[in-house]
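Okay, here's what each chain looks like letter by letter:
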Amino acid sequence: FLTACDLMNQGILALVSSIGCTSAGSLQSLADAMHIPHLFIQRAPAGTPRSGCGLTRSNRNDDYTLSVRPPVYLNDVILRVVTEYAWQKFIIFYDNDYDIRGIQEFLDKVSQQGMDVALQKVENNINKMITGLFATMRIEELNRYRDTLRRAILIMNPSTAKSFLTEVVETNLVAFDCHWIIINEEINDVDVQELVRRSIGRLTIIRQTFPVPQNISQRCFRGNHRISSSLCDPKDPFSQSMEITNLYIYDTVLLLANAFHKKLEDRKWHSMASLTCIRKNSKPWQGGRSMLETIKKGGVNGLTGELEFAENGGNPNVHFEILGTNYGEDLGRGIRKLGCWNPVTGLNGSLTDRKLENNMRGVVLRVVTVLEEPFVMVSENVLGKPKKYQGFSIDVLEALATYLGFKYEIYVAPDHKYGSPQDDGSWNGLIGELVFKRADIGISALTITPDRENVVDFTTRYMDYSVGVLLRKAEKTVDMFACLAPFDLSLWACFAGTVLLVGLLVYLLNWLNPPRLQMGSMTSTTLYNSMWFVYGSFVQQG
C-alpha cells in the first residue's frame, strides 16, 4: 500500500497487483478513490487452489478494479464431474493453506442432493497424520475408513498431493478399486505424470488449460508481439515451471502496452497522474475513466489465451482440462484426456467408466458355489436338467456375464464347505476347487480371511458382518423407593443392623464408664442419642 502511494506521487497510469484477497481490498479502495485503473491478479499461496475473493463491487462508474484471472469455478467443475461419475459417498481432503469456505456452495448443493460427504484436513506432517490413524482407530474403524477412501477429492497443492498419495498407497489405505479426483489450476505436465506414477486405482485430474496454436511457427507470435521461445513452447522446462499467476502478469503487461499504444495513436494521451494518498483534499485523476475504458475495450491474445474483460470487470475466458486413467493396480499407468469444461458450454467429453472391457465373448467359465440364502439358492431342480440358481450373488454374476459377454457353468462344491487349510497344506471346499484349478470363479457368502487371501484373489467386499446384542427395552415405571435401587435389600439391612448394634455398644460403654465432665457441663447418654450419633457418623452430618 505504501509502495502504491509512492508511485502515485511520481506519476502513474495504471496499477497491476498480484496479491492475495486481503490486500486486494485495500488496493481496490485506493484505486476507486483516486480513479486509477487497477488490474488485480489473484495469487494463491504455494500453488494451493484459489478461493473466491469476493471483492465488493460498488457503482460501475466508481469501480476501477479489473479482475485479470477468471472467477473461481471449482464448485461448478467438481459438481459436474461428481454428478457424471454418479458418486453418492466420498471424502474431501484439503491442505492447511486452502480456505475451505471456497467450496461452501458445492457442499450445499451436494447436501441438497442427498450425497454423503466427509471433510478432512491434511496436516503438514503427513506421515505423522497417517501413523496417528493406525494408532487411534480399531480394526473395524480402519476398515470403514478404507471404504470411505474408495472415493475421494483432493483440493491441495501438487507437492502435498504427491506426498499424500505416496503415504496412503504405501500404508495400504487404498486399493486398486479406488477412484480419486485431484483438482487444482496449478498442475503442470510434470506434476500430472508424477501423480499418476504414485497412485493406484483410477485417477482423475482437473486443471486449468490454455489454448496452444496448432501451427508451431505461430506459437511465439501474438499479433505484432513476439514471445520468448522459453515461454511459448509448452515443452520447455521453464514454461512448465511457471505459475499461472505469472502467465497472467505477462499478458497484463502486454495488454497495458497495447492500450498505451492505442492512446498515442488516437492522440488521446493523458499525462500521468501525480497524486497523493496522504492528503485528505487530494483530487482523483481526471484521465482515469478514459484510460480504464481503453484497457477494457482492448483485449489481447497472450500466453493465457484471449484476455478481455466483460461488463462486470471480470475475465470470462477459462477452460478446464479433465485427464484420467483407467482402473489398475500398476504404478505408472498412462493418462489420457477425458474432456474439458468451460462456463459457457459446460462439459465436453465423456467420463464413462472404462473399468471393464467387452473382451470375453465366447469364453465359458466354471463357477463353484456353496448354497447360502439369500446369496445363492436353488430356484429350479428338474431331474435330468441342470439346476438353476438365484440369489444376490447370482444376480451379480449374471450382470457381469451380460456386460463382458462370457457364459458360465455353475456347480456346488462337492463337500458343501467354504474351504479351510488341511494338515497336508491342501484346501477343501470352494477354496480347494479354485486352488486346484477345477473352477475359474467362486461365488457365495464367503468370508475374507488372511489365510484365504494367500491362495486366492478376492473382489472388494460388498457386505460387513458383525455380531449384535439385542436387549429387552426396560419398562418405565414410577417407584417411590427408587432411591434404594443402588444397593441390594440385604445391604440396606446390614446398614440398619450396624447402626443399631454400634449405637447399643456406645450406650453401654457410656453407661458402664461415664465420662468425667467439667463443672457446669451436661451431656445425655441415652440410647436414643447414641443411635443418632452413629447415624450422623454414617451420613457425615451433625
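Thresholds, definitions, all that
Residues numbered from 1 in each chain as written. Predicted model: local features only at pLDDT ≥ 70, side-chain atom pairs only at ≥ 80, totals over all residues. Heavy atoms only, no water. Axes fitted to C-alpha atoms, helices over the stretch in contact; angles between N-to-C directions. Helix = DSSP H or I, 4+ residues; strand = E, 2+ residues; numbered from the N terminus. Left-handed = near helix turned anticlockwise from the far one by under 90°. Contact = heavy atoms within 4.5 Å. Nonpolar A, V, L, I, M, F, W, Y, C, P; charged D, E, K, R; others polar. Phe/Tyr/Trp six-rings, centres within 6.5 Å; stacked < 30°, edge-to-face > 60°. Buried < 20%, exposed > 50% of the residue type's maximum accessible area, 1.4 Å probe, protein only. Lys NZ or Arg CZ within 6 Å of the ring centre and 35° of its normal. Core = buried A, V, L, I, M, F, W, Y, C linked by side-chain atoms within 4.5 Å. Salt bridge = Lys/Arg side-chain N within 4 Å of Asp/Glu carboxyl O. UniProt positions renumbered as here; feature names shortened; annotations may be inferred. Pairing = 2+ DSSP bridges. Right-handed = clockwise from strand over helix to strand, strands pointing away. Polar contact = N/O pair within 3.5 Å; in protein donor to acceptor, adjacent residues only side chain to side chain.

### Let's talk about the packing of helix α5 (residues 126–136) against helix α7 (residues 158–170)
Item 1. Taken N-terminus to C-terminus, the directions of α5 and α7 make an angle of 35 degrees; their axes are 10 Å apart at the nearest point. Note that α5 runs across α7; the crossing there is right-handed. Residues I126, N127, M129 and I130 of α5 lie in contact with α7, whose contacting residues are T160, S163, F164, E167 and V168.
Item 2. Among the residues forming the contact of α5 with α7, the class breakdown is 5 nonpolar, 3 polar and 1 charged.

### As for the packing of aromatic side chains
Item 1. Enumeration over the complete set of coordinates arrives at 14 aromatic pairs.
Item 2. Seen in terms of ring centroids, F210 and Y248 are 6.0 Å apart; in terms of plane orientation they differ by 80 degrees. Their pairing is edge-to-face. Here F210, found in the loop between β8 (202–208) and β9 (221–222), pairs with Y248, found in helix α11 (residues 244–265); they are 38 residues apart in sequence, far enough to count as distant.
Item 3. You can call F210 buried: its relative accessible area is 16%.
Item 4. Assessed through its relative accessible area of 1%, Y248 is described here as buried.
Item 5. The interplanar angle of 75 degrees and the centroid separation of 5.8 Å between the aromatic rings of W492 and F495 together place this pair among those described as edge-to-face. Of this pair, W492 and F495 both sit in helix α16 (residues 489–512), separated by 3 residues, roughly a single helical turn.
Item 6. With relative accessibility at 29%, the residue W492 sits in the partly exposed group.
Item 7. Members of the aromatic cluster, joined through ring pairs, are Y85, W87, F90 and F106.
Item 8. Looking at R289, its charged tip hangs above the ring of Y64, at a distance of 4.6 Å from the centre.

### Examining the nonpolar core
Item 1. Grouped together as the largest cluster of nonpolar side chains are 34 residues, with contacts concentrated most on I36, L39, V68, Y248, L255, I295 and F309.
Item 2. Of all the secondary-structure elements, those providing two or more residues to this core are α2 (21–34), α9 (229–232), α11 and α12 (288–298).
Item 3. Looking at this core element by element, the count peaks at 7 residues for α11.
Item 4. Excluding its chain neighbours within four sequence positions, the residues that come into contact with I295 are A14, P37, L39, L66, L255, L256, A259 and F309.
Item 5. Counting 31 residues, the second largest nonpolar core, distinct from the first, contains L79, W87, L107 and L338.

### Some thoughts on the pattern of salt bridges
Charged atoms that come close allow side chains of opposite charge to pair.
Item 1. All chains considered together, the criterion is met by 15 salt bridges.
Item 2. The partner of R138 in a salt bridge is E141, and the shortest N-O contact between them spans 3.8 Å.
Item 3. Given the relative accessible area of 54%, R138 is considered exposed.
Item 4. Among the charged side chains, a salt-bridge network with shared partners connects R50, R69 and E185.

### Quick word on the environment of A496
Item 1. Checked against the element boundaries, A496 lands in helix α16.
Item 2. Distance in space between the C-alpha atoms of A496 and Y535 is 9.2 Å, their sequence separation being 39 residues.

### Re the UniProt feature "transmembrane region" (unreviewed entry) in the protein chain
Item 1. Residues annotated in UniProt with the feature "transmembrane region" (unreviewed entry) correspond here to residues 489–512.
Item 2. End C-alpha atoms of residues 489–512 are separated by 35 Å, and the span's content is 100% helix alongside 0% strand.

### Some details on the pairing of strand β7 (residues 179–183)
Item 1. In terms of residue burial, β7 counts as a mostly covered element, since 5 of its 5 residues are buried.
Item 2. In this sheet, β7 lies alongside strand β6 (residues 151–155) in parallel orientation, the contact comprising 4 bridges. Residue pairing for β7: I153 is matched across the bridge by I181.
Item 3. Once you follow β6 into α7 and on to β7, the crossover reads as right-handed.
Item 4. Sheet topology places β7 next to β8; 5 bridges connect them, and they run parallel. In the strand pairing of β8, I182 is matched with I205.
Item 5. Since β7 and β8 lie parallel, the crossover through helix α8 (residues 189–198) that links them has a hand, and here it is right-handed.

### Section: the sheet that holds strand β16 (residues 364–369)
Item 1. As summarised here, the arrangement of the 3 strands in space is β19-β16-β20, forming an open sheet in which the pairing is parallel. In the strand order of this sheet, the two ends are held by β19 (407–412) and β20 (441–443), each with one partner. Looking at each pair of strands side by side, their axes are set apart by 30 degrees on average, direction ignored.
Item 2. In this sheet, β20 lies alongside β16 in parallel orientation, the contact comprising 3 bridges. Directly across from T369, in β20, lies its bridge partner I443.
Item 3. Contacts between helix α13 (residues 392–404) and the sheet are confined to β16, β19 and β20, with β19 contributing the most and set at about 160 degrees to the helix.

### Regarding the side chain of D32
Item 1. Within the secondary structure, D32 is located in helix α2.
Item 2. According to the relative accessible area criterion, D32 is buried, its value standing at 17%.
Item 3. In terms of polar contacts, D32 uses its side chain to reach the backbone amide nitrogen of Y64, at 2.8 Å.
Item 4. Dropping the residues within four chain positions of it, D32 is found in contact with D62, D63, Y64 and T65.

### Digging into the sheet that holds strand β2 (residues 38–40)
Item 1. Judged by pairing direction, the sheet is parallel, and its 3 strands sit side by side in the order β1-β2-β3 without closing on themselves. Two strands bound the open sheet, and with one partner strand each, they are β1 (15–17) and β3 (65–67). Between one strand axis and the next, the sheet turns by 20 degrees as a mean value, whatever way the strands run.
Item 2. Pairing between β2 and β3: 3 bridges, direction parallel. Paired with F40 across the strands is S67, a residue of β3.

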